[in-house]
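What follows is each chain in one-letter form.
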Amino acid sequence: MHLLPAHLLLRLPCALLVASALLAFPSHAQTTPLEDNNRITAGYIELAYDIGGLLDPNLTPGGASAVRPNWFVFAPHASRTGGEGLLGASLARSIIRAARGQPSLSLQQALGRVGLSAHLHLSVEQLGLQLVLSGLPFDAAASLASLTTALNAAALLDPRTLLATAARFAALYASAPGWHPLDKAERVVDTLERTLNESNLAIFNDIGGSGRLYMNWRASAGVVTPERVLTEFTLVDAVPAQSRLAYDYALAHAFDTPRPFEFDTLFPGMHWKSLLVAAFALYEEARLAPTPAARDALIAMGNNYIAWREQHDMAQPVFSPAVQRPDEVSRVELLRAITPLLSTDFGTMTWTYADFAYSQPDRDGNPLTSPPTEYNWAVFWDRWTGILFAFDAAYLQPTALWVMPEPLVDPTAAANGG
């Protein structure tokens, strides 16, 4: 998963980072998606330590904690995963750019132009070969296959997953606007890059910005209690009565099995930004909890509230827009194609969507289809249950998440004049 190196850790003062980011994000034409991603990851890291320090007074910057991780500890790793997808898009675009000057005579030549040898990425070549067999030219097939370089290559060892993934990418290519093969491939690449960038920006603007507002309020509030959070801390569009309802429900049901997660049914009509205020109050309650078990249960409820807001309100409109852009392919179908390969390194532990899918009952009961191909990251409930599965796995290894990611460096930038 880490063919692409990362170094030069970016650490900006978080107040400056978030303030400048919030101002810049609505018109970020002057920055690249990867630059946006590096700033977002760095901002999440600082918020992870700020809020982690509330829950574990012994936590020091750059250190680790055995206390259950809060949502902001997960966020840098999720952002890093998006950045790896952006690097895959950059590689794909480099293949397309090279092909416009001189078409490749083989799939291996197309991949070799950006350093993707078969020895290093056999799965990419296998996917590319399947795309060639589906009728795609070498360079178009190589560019689309290279989008998977940072994903879970092991998933393609199941021939059912390989064939389904190739068929879905071939269908996306066929549906892409334009007539020239390279133009059609580039529309697929553009769609993935925009989807990853827009979702990362939307989530950080909303939840990262709310986290910084909360920490700024807390710094000047004196002695902070959960009650003061609910009555004095405000966010635009949050409704205090709704925040209290969600907070009281969490206190009463923090030890439920399974942990509450169907919030659209539990809180009909709620503005989901109210959940953010409730989550901050729950983190404060967890800080004061009498036992580690009570503390961890409250943190988990706060995490679910923030994650619901993240996925239900911020990510979903990006992943499944009401109107498809005329210069894109279907985002829903593109995310469906890559869902079986999704993977995130949470520090020293790894979550894969395939692990989640194989742990569930077989949806269609058909032995000819692999379970991971029966899900779609663009479908909210498919994504939401997979995220909860990741949370539960990470809770068993809390210190693993504190191995924070470094910024990603685009190896194609220098060659492309970046």
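The structure contained in this document is the topic of the report that follows. Throughout this document, residue positions are counted from 1 along each chain, in the order its sequence is written. Selection of residues for local features in this predicted model requires a pLDDT of at least 70, selection of side-chain atom pairs for listing and counting requires 80 or more, and totals for whole chains, interfaces and linings are taken over all residues. Here the side-chain values reflect all heavy atoms present in the structure, with hydrogen atoms and water set aside.

1. Looking at the packing of helix α3 (residues 71-101) against helix α13 (residues 292-319)
Right, so step 1: In contact at an axis separation of 10 Å, α3 and α13 are set at 40° when each is read in the N-to-C sense. It follows from the interaxial angle that α3 and α13 lie oblique. Between α3 and α13, the contacting residues are Trp-71, Phe-72 and Phe-74 on the first element and Asn-303, Ile-306, Ala-307 and Glu-310 on the second.
Right, so step 2: Side-chain classes follow a simple rule in which Ala, Val, Leu, Ile, Met, Phe, Trp, Tyr, Cys and Pro form the nonpolar group, Asp, Glu, Lys and Arg form the charged group, and the remainder, Gly included, forms the polar group. Along the lines of polarity and charge, the residues of the contact of α3 with α13 split into five nonpolar, one polar and one charged. Where helices are involved, their axes are fitted lines through C-alpha atoms of the stretch in contact, as for all axes, and angles between N-to-C directions lie from 0 to 180°. Secondary structure elements are taken from DSSP: a helix is a run of H or I of four residues or more, a strand is a run of E of two residues or more, and numbering for both begins at the N terminus. Oblique is the label for any angle not covered by the other classes, which are roughly parallel (under 35 degrees), roughly antiparallel (over 145) and roughly perpendicular (65 to 115). We call two residues in contact when some of their heavy atoms are within 4.5 Å.

2. Observations concerning the side chain of Gln-311
Right, so step 1: Tracing the chain through its elements places Gln-311 in helix α13.
Right, so step 2: Side chain to side chain, Gln-311 and Glu-310 meet in a polar contact 2.9 Å long.
Right, so step 3: In contact with Gln-311, not counting residues within four places along its chain, are Gln-316, Phe-319, Phe-380, Arg-383 and Ile-387. For the purposes of these results, a polar contact is taken to be a pair of N or O atoms within 3.5 Å, where, inside protein, one atom must be able to donate a hydrogen and its partner to accept one; residues adjacent in sequence count only when each atom of the pair is a side-chain atom.

3. Things to note about the nonpolar core
Right, so step 1: Core analysis: the largest hydrophobic core is formed by 130 residues, its most contacted members being Trp-71, Phe-72, Phe-169 and Tyr-305.
Right, so step 2: At 14 residues, helix α8 (residues 181-219) tops the list of elements feeding residues into this core.
Right, so step 3: Phe-72 has contacts with Tyr-44, Leu-47, Ala-48, Ile-51, Ile-207, Gly-208, Gly-211, Phe-280 and Ile-306, leaving out every residue within four places of it along the chain. Throughout this description, the term nonpolar core refers to a set of buried Ala, Val, Leu, Ile, Met, Phe, Trp, Tyr and Cys residues connected via side-chain atoms within 4.5 Å. Only protein chains enter the accessibility calculation, which uses a 1.4 Å probe. A residue is then buried if its area is under 20% of the maximum for its type, exposed if over 50%, and partly exposed in between.

4. Concerning helix α2 (residues 33-55)
Right, so step 1: With 23 residues, α2 extends 33 Å between its outermost C-alpha atoms, agreeing within 8% with the 33 Å of an ideal straight helix rising 1.5 Å per residue.
Right, so step 2: With 18 of 23 residues buried, α2 lies mostly within the body of the structure. A helix is expected to reach a length of 1.5 Å times the quantity of its residues less one.

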